[in-house]
Amino acid sequence: EAAQAECRQFSERVLLPEQALGASISRSSTQITIISEDGTSYSLPEKGCLILRQAAKVTLDGIAGVLWDKLAAGSAAATLRSMEVLWMEVSVSASSGSTATVRRGCGRDAEATGVAERSTQPSDRPATLVCDW
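Quick notes on the rules
Residues numbered from 1 in each chain as written. Predicted model: local features only at pLDDT ≥ 70, side-chain atom pairs only at ≥ 80, totals over all residues. Heavy atoms only, no water. Pairing = 2+ DSSP bridges. Helix = DSSP H or I, 4+ residues; strand = E, 2+ residues; numbered from the N terminus. Salt bridge = Lys/Arg side-chain N within 4 Å of Asp/Glu carboxyl O. Axes fitted to C-alpha atoms, helices over the stretch in contact; angles between N-to-C directions. 1 Å grid on protein atoms, 1.4 Å probe; cavity = no way out; pocket = protein on both sides within 12 Å on 5 of 7 lines; lining within 4 Å. Points joined across faces, edges and corners; volume = space filled by probe spheres on them. Nonpolar A, V, L, I, M, F, W, Y, C, P; charged D, E, K, R; others polar. Buried < 20%, exposed > 50% of the residue type's maximum accessible area, 1.4 Å probe, protein only. pLDDT = per-residue confidence, 0-100. Contact = heavy atoms within 4.5 Å.

A few words on the pairing of strand β4 (residues 41-45). Pairing geometry for strand β3 (residues 31-36) and β4, over 5 bridges, is antiparallel. Across the sheet, Gln31 pairs through a bridge with Pro45, a residue of β4. Connecting β3 to the antiparallel partner β4 that follows it, the hairpin turn spans 4 residues, and Gly39 within it adopts a positive phi of roughly 95°.

Applying the stated criterion to the full structure yields 3 salt bridges. Here Arg27 ties to Glu46 by a salt bridge, and the two come within 3.6 Å at their closest N and O atoms. In this pair, Arg27 sits in strand β2 (residues 23-27) while Glu46 sits in the loop between β4 and β5 (49-52), placing the two residues 19 residues apart along the sequence. Salt-bridge contacts for Asp69 lead to Arg104; the nearest nitrogen and oxygen are separated by 2.6 Å. Remark: Arg104 occurs in strand β7 (residues 99-105) and Asp69 occurs in helix α2 (residues 60-72); sequence separation between them is 35 residues.

Take the sheet that holds β3 next. Taken together, 3 strands build an open sheet; the order of strands is β2-β3-β4 and the sheet is antiparallel. Edge positions in the open sheet fall to β2 and β4, since each of these has one partner strand only. Between one strand axis and the next, the sheet turns by 15° as a mean value, whatever way the strands run.

Turning next to the layout of surface pockets. Here the idea is plain: a probe the size of a water molecule rolls over the atoms and shows the empty space left. Approximately 290 Å³ is the volume found for the second largest pocket. As for the second largest pocket, its lining consists of 16 residues, and the residues nearest its centre are Arg53, Gln54, Gly65, Val66 and Asp69. Elements with a contribution of two residues or more to the lining of the second largest pocket: β5 and α2. Tallying contributions element by element places α2 first for the lining of the second largest pocket, with 6 residues. When its residues are assigned to classes, the lining of the second largest pocket shows 5 nonpolar, 4 polar and 7 charged.

Take unusual backbone geometry next. The phi dihedral of Glu12 falls on the positive side, at around 60°, and the residue is not glycine. With relative accessibility at 72%, the residue Glu12 sits in the exposed group. Unusually for a residue other than glycine, Glu84 sits at a positive phi of about 65°. Assessed through its relative accessible area of 58%, Glu84 is described here as exposed.

With that out of the way, let us pick up the confidence of the model for the protein. Summarising the model, the protein shows a mean pLDDT of 78, and 80% of its residues fall at 70 or more. Of all secondary-structure elements in the protein, the lowest mean pLDDT belongs to helix α4 (residues 110-113), at 40, while β4 reaches the highest, 95. Per-residue pLDDT stays below 50 along residues 110-133; that stretch engages in 37 contacts with residues further than four places along the chain or on separate chains.

Here it is in structure tokens:
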């Protein structure tokens, strides 16, 4: 349920990196404005956008990492830690067949031992959650 709720936040939204390379992104009260290096400007309603924190570009592995971080900060992850689950894995797939997977430790000392695995190769591992955006 927690993963599905996080995935719904991505539905029907424009995904933007927080620190876009080659462009500046600014916010006003209800709009997000993007200005590229060549001066081209786009203005989008803020409610239709999702800014990916600490991202320089939007990629599958970036999306998987954001989802992992959001899930790890939530109450569902606290429940997993109390059950002594050692790691959590989030996989994101594109319609092209590319897959990105982030797998990190989620135990009490996860910061010291956590490892992220990121791949753009198709995976034969079964998915436990499908987000159909």
